[in-house]
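# Commentary on secondary and tertiary structure
Residue-level listing of the chains:
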Amino acid sequence: MSELSHNVDKKMVITAGRAHPELAKEVADCLGTDLAPLSAYDFANGEIYVRPGESVRGKDCFVIQSHPAPLNNWLMEQLITVDALKRASARRITVVSPFYPYARQDKKGRGREPITARLVADLYKTAGADRIMSVDLHTAQIQGFFDGPVDHLMAIPLLADYIRGRVGSDNVTVVSPDTGRVRVAEQWADRLGGVPLAFVHKSRDLTVPNKAESKTVVGQIEGRTCVLIDDMIDTGGTIAGAVRVLKEAGAKDVIIAATHAVFSDPAAQRLAECGAREVVVTNTLPVPVEKRFDNLTVLSIAPLIARAMKEVFEDGSVTSLFDGRA
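Below: a short report on this structure. The structure displayed is predicted, hence computed values, not measured ones. (Residues numbered from 1 in each chain as written. Predicted model: local features only at pLDDT ≥ 70, side-chain atom pairs only at ≥ 80, totals over all residues. Heavy atoms only, no water.)

## Here we look at the packing of helix α1 (residues 21–30) against helix α8 (residues 302–313)
Selection criterion: Where helices are involved, their axes are fitted lines through C-alpha atoms of the stretch in contact, as for all axes, and angles between N-to-C directions lie from 0 to 180°. A run of DSSP states H or I qualifies as a helix once it reaches four residues; a run of E qualifies as a strand once it reaches two. Both are numbered from the N-terminal end. Each angle is binned into one of four classes, with values under 35 degrees roughly parallel, values over 145 roughly antiparallel, values of 65 to 115 roughly perpendicular, and all other values oblique. By definition, any crossing whose near helix is turned counterclockwise from its far helix by less than a right angle is left-handed, and any crossing with a clockwise turn is right-handed. Two residues form a contact once any of their heavy atoms are found within 4.5 Å. Only Asp, Glu, Lys and Arg are considered charged in this grouping, and only Ala, Val, Leu, Ile, Met, Phe, Trp, Tyr, Cys and Pro are considered nonpolar; every other residue, Gly among them, is considered polar.
The N-to-C vectors of α1 and α8 enclose an angle of 55 degrees; their axes lie 8 Å apart at closest approach. The angle between α1 and α8 places the two elements in the oblique class. Here α1 runs over α8; the crossing is right-handed. Packed against α1, whose contacting residues are Leu23, Glu26, Val27 and Cys30, the element α8 presents Ala302, Pro303, Ile305, Ala306 and Met309 at the interface. Classifying every residue of the contact of α1 with α8 by side-chain character gives eight nonpolar, no polar and one charged.

In structure tokens, the structure reads:
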């Protein structure tokens, strides 16, 4: 069965790209259904072909696609899938992008820079998407780039509940890797039982990608277990530097928690050697075997995405999944 029915007039169809089929399969399993058949392949010159394997006329379609490297290929495949569904007369199309592509380019840091996160939203809309669902956007303002509903899911409950089971709430400090994520750190602190906050001061050269220098920590962390949080880990340089600063400032232990495991080289090596007790991420992006290490824990985001999709399909409340905070 590749459809779910809410009433006689509504049917859900879940399709998935080729970037992370394991996550899509988990989501479908959580919903008690199968992925709809989708024919997708590359021509010799790199062009992508996509065709739904069954009729989607009048159906509520969800297009799940993660965006690991090569990100541009997977984004294009998702756009083509949306276009194919639109031309096949789907009633509504929801783009499910657990890791929103180009999310870091959400504003102009210098003159003549693009706002590529907005461009991606425009591309989704032009392709035929009616709605977007994503997990832990780099900044909340991205929700305003899309002309339609955006369901911003949060991995904090999943990650924080796991970590609370590991360390409790005694002698714990939540640490933001920079001042920009202090608001998120506050939500973490509440979830962990009202623990204290700290943040790492860092500087960044806007002309050099993937390079930031962690300098000092603001807050009481000496002798405490520090939960260092971030939305994504790309090359791992910033987060590894933050662990070093925390250790030098007297932190008893450091646990890293991040939603998106981008893990561009040499992230896995840096994280394995940085001195953190554990690195906890979700599977919004695939983590291949060669990028896994002994103290890495990968939690499944599939149940959360499945519940959100069910709420959207049944015209329910996505916000209710997060105690009214989403």
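Still more to cover.
## Points about the packing of aromatic side chains
Under the convention used in this document: Note on aromatic pairs: the rings of Phe, Tyr and Trp (six-membered ring only in Trp) are paired at centre separations within 6.5 Å, and the planes decide the class, stacked below 30 degrees, edge-to-face beyond 60, tilted for the rest. Whether a residue is buried, partly exposed or exposed follows from its accessible area with a 1.4 Å probe, protein chains only, as a fraction of its type maximum: under 20%, in between, or over 50%, in that order.
In this structure the tally under the stated criterion is five aromatic pairs. On the numbers, 4.8 Å between centres and 25 degrees between planes, the contact of Tyr41 with Tyr49 is stacked. Residue classification places Tyr41 among the partly exposed positions, given a relative accessible area of 37%. Taken together, a centroid distance of 6.4 Å and an interplanar angle of 85 degrees make the contact between Phe43 and Tyr49 edge-to-face.

## A short note on unusual backbone geometry
Excluding glycine, most residues fall at negative phi; most peptide bonds, likewise, are trans. The linkage connecting Ala69 with the following residue, Pro70, adopts the cis geometry, with an omega of -5 degrees. Structurally, Pro70 can be placed in the loop between β5 (60–64) and α2 (71–87). With an omega dihedral of 5 degrees, the bond running from Asp265 to Pro266 counts as a cis peptide bond. Inspection of the secondary structure puts Pro266 in the loop between β13 (253–261) and α7 (267–273). Located in the positive-phi region is Arg112, a residue other than glycine, with phi close to 75 degrees. Locating Arg112 in the fold gives a position in the loop between β6 (92–97) and α3 (116–127). On the accessibility criterion, Arg112 (81% relative accessible area) is exposed. The backbone of Asp315 sits at a positive phi, close to 55 degrees, despite the residue not being glycine. Note that Asp315 resides in the segment after α8.

## Thoughts on α8
To keep it simple, the criterion reads: Take the number of residues in a helix, subtract one, and multiply by 1.5 Å to get its expected span.
The end-to-end C-alpha distance of α8, which contains 12 residues, comes to 16 Å, matching closely the 16 Å that a straight helix rising 1.5 Å per residue would cover. Considered for burial, the residues of α8 that qualify are Ala302, Leu304, Ile305, Ala306, Ala308, Met309, Val312 and Phe313. Asp315 sits one or two positions beyond α8 and adopts a positive phi of about 55 degrees.

## Examining the environment of Pro52
Inspection of the secondary structure assignment puts Pro52 in strand β4 (residues 48–52). A relative accessible area of 13% means that Pro52 is categorised as buried. For the pair Pro52 and Val227, spaced 175 residues apart in sequence, the C-alpha to C-alpha distance is 44 Å. Not counting chain neighbours up to four residues away, the residues in contact with Pro52 comprise Pro37, Leu38, Ala84 and Leu85.

## Structural notes on the environment of Ile48
Structurally, Ile48 can be placed in strand β4. By relative accessible area, which is 16% here, Ile48 ends up buried. A sequence separation of 21 residues divides Ile48 from Ala69, and the C-alpha atoms of the two residues are 16 Å apart. Excluding residues within four positions of it along the chain, Ile48 makes contact with Arg18, Tyr41, Asp42, Asn73, Met76, Glu77 and Ile80.

## Quick look at the side chain of Thr81
Position of Thr81 relative to the elements: it lies in helix α2. For Thr81, a relative accessible area of 3% corresponds to the buried category.

## As for the nonpolar core
Rule in force here: In this description, a nonpolar core means a group of buried Ala, Val, Leu, Ile, Met, Phe, Trp, Tyr and Cys residues linked to one another through side-chain atoms lying within 4.5 Å.
Judged by nonpolar contacts, the single largest core of 45 residues is most densely connected at Val27, Leu153, Trp188, Ile305 and Met309. The greatest single-element share of this core, amounting to eight residues, is contributed by α8. Val27 has contacts with Ile64, Ala302, Ile305, Ala306 and Met309, leaving out every residue within four places of it along the chain. Counting residues in each nonpolar core, the second largest holds 30 residues, with Ile239, Leu246, Leu271 and Val287 among its members.

## Digging into helix α4 (residues 156–167)
Over its 12 residues, α4 runs 16 Å from end to end, which matches the ideal 16 Å to within 8%, given 1.5 Å per residue. Those residues of α4 hidden inside the fold are in contact with β9 (172–176), α5 (182–191), β12 (225–233), β13, β14 (278–282) and β15 (296–299).

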